[in-house]
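# Geometric and topological summary
Letter by letter, the chains look like this.
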Amino acid sequence: MTTDPIADYLTRIRNAIRAKHRIVEIPASNLKKEMTKVLYDKGYIKQYKFEDGANRQGSIKIGLKYNPETKTSPITKLERISKPGLRKYVKATELPSVLNGLGIAILSTSKGIVTDKEARQMKLGGEILCYIY
């Protein structure tokens, strides 16, 4: 069992991108499922599938996206911000702008998992889970 499942999720995606894998399989949780939906909605991954497995939560299969000509991924960096030892919370007025708006910050708010832009529109603060660009 890992002590930081979100860091494990991000590391598995990061490693799969570096190895140029097409599909990565990750143990599922409700938080990881919501993060995967955000990645899909923002165009960072090609597709995803939630599978029920032998364990209770099942797994997530993520189809990674690459540029056909340059073979590069739209994800250049996945950075974990709030960690179990040091949580990072922000108010709605202090939401970060990742790479001057080119990247996204994924936040855990009272309304669920959202990006920094959506949180700004809803005027919500929360815990900054990660930066993706």
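A short tour of the structure in this document, coming up. Remember, predicted model here, so these are calculated numbers, not experimental data.

Attention shifts here to a positive patch on the surface. A contiguous patch of positive charge, built from Arg-22, Lys-46, Lys-65 and Lys-71, is present on the exposed surface. In this structure, Lys-46 sits in strand β2 (residues 45-51).

Ranked by size, the top nonpolar core spans 26 residues in total, and within it Tyr-9, Ile-13, Met-35, Ile-62, Leu-64, Ile-106 and Ile-132 carry the most contacts. Taken together, the elements giving at least two residues each to this core come down to α1 (5-18), β1 (23-27), α2 (30-41), β3 (59-64), β6 (104-109) and β8 (126-132). Sorting elements by how many residues they give to this core places α1 first, with 6 residues. Dropping the residues within four chain positions of it, Tyr-9 is found in contact with Ile-26, Lys-32, Met-35, Thr-36, Leu-39 and Ile-62. In this structure, Val-98, Val-114, Ala-119 and Ile-128 belong to the second largest nonpolar core, which totals 11 residues.

Before going further, it helps to spend a moment on α2. Across its 12 residues, α2 extends 17 Å between first and last C-alpha, which sits within 8% of the 16 Å expected from 1.5 Å per residue. For α2, the complete set of buried residues consists of Lys-32, Lys-33, Met-35, Thr-36, Val-38 and Leu-39. Positive backbone phi, approximately 85°, marks Gly-43, located one or two places after α2.

What follows covers the side chain of Asp-116. Looking at the element boundaries, Asp-116 is found in helix α3 (residues 116-122). We classify Asp-116 as buried; its relative accessible area is 2%. Aside from chain neighbours lying at most four places away, what touches Asp-116 is Leu-95, Pro-96, Ser-97, Val-98, Ile-104, Ala-105 and Leu-107.

Once that is clear, we can look at the pairing of strand β7 (residues 112-115). When β6 meets β7, the two strands line up antiparallel, connected through 4 bridges. Bridge assignment links Thr-109 to a residue of β7, and that residue is Gly-112. With antiparallel pairing between neighbouring strands as the criterion, β6 and β7 make up a hairpin whose turn holds 2 residues.

Inspection of the secondary structure puts Gly-125 in the loop between α3 and β8. If we ignore the near neighbours within four places in the chain, the residues touching Gly-125 are Val-90, Lys-91, Ala-92 and Thr-109.

Glancing now at the packing of aromatic side chains. Going through the model one piece at a time under the given rule, you end up with 2 aromatic pairs. A ring pair is formed by Tyr-40 and Tyr-48, whose centres lie 5.3 Å apart and whose planes are at 75°; its orientation type is edge-to-face. Given a relative accessible area of 28%, Tyr-48 falls into the partly exposed group. Three or more aromatic residues joined by ring pairs make a cluster, and in this case those are Tyr-40, Tyr-48 and Phe-50.

So, how was this worked out
- Residues numbered from 1 in each chain as written.
- Predicted model: local features only at pLDDT ≥ 70, side-chain atom pairs only at ≥ 80, totals over all residues.
- Heavy atoms only, no water.
- Patch = residues over 30% accessible without salt bridge, like charges linked within 9 Å, V, L, I, M, F, W, Y side chains within 5 Å.
- Areas by Shrake-Rupley, 256 points an atom, 1.4 Å probe, with all protein chains shown as cover.
- Salt bridge = Lys/Arg side-chain N within 4 Å of Asp/Glu carboxyl O.
- Lys, Arg positive; Asp, Glu negative; His and termini not counted.
- Charge placed at Lys NZ, Arg CZ, Asp CG, Glu CD.
- Helix = DSSP H or I, 4+ residues; strand = E, 2+ residues; numbered from the N terminus.
- Core = buried A, V, L, I, M, F, W, Y, C linked by side-chain atoms within 4.5 Å.
- Buried < 20%, exposed > 50% of the residue type's maximum accessible area, 1.4 Å probe, protein only.
- Contact = heavy atoms within 4.5 Å.
- Expected span 1.5 Å × (residues − 1).
- Pairing = 2+ DSSP bridges.
- Phe/Tyr/Trp six-rings, centres within 6.5 Å; stacked < 30°, edge-to-face > 60°.

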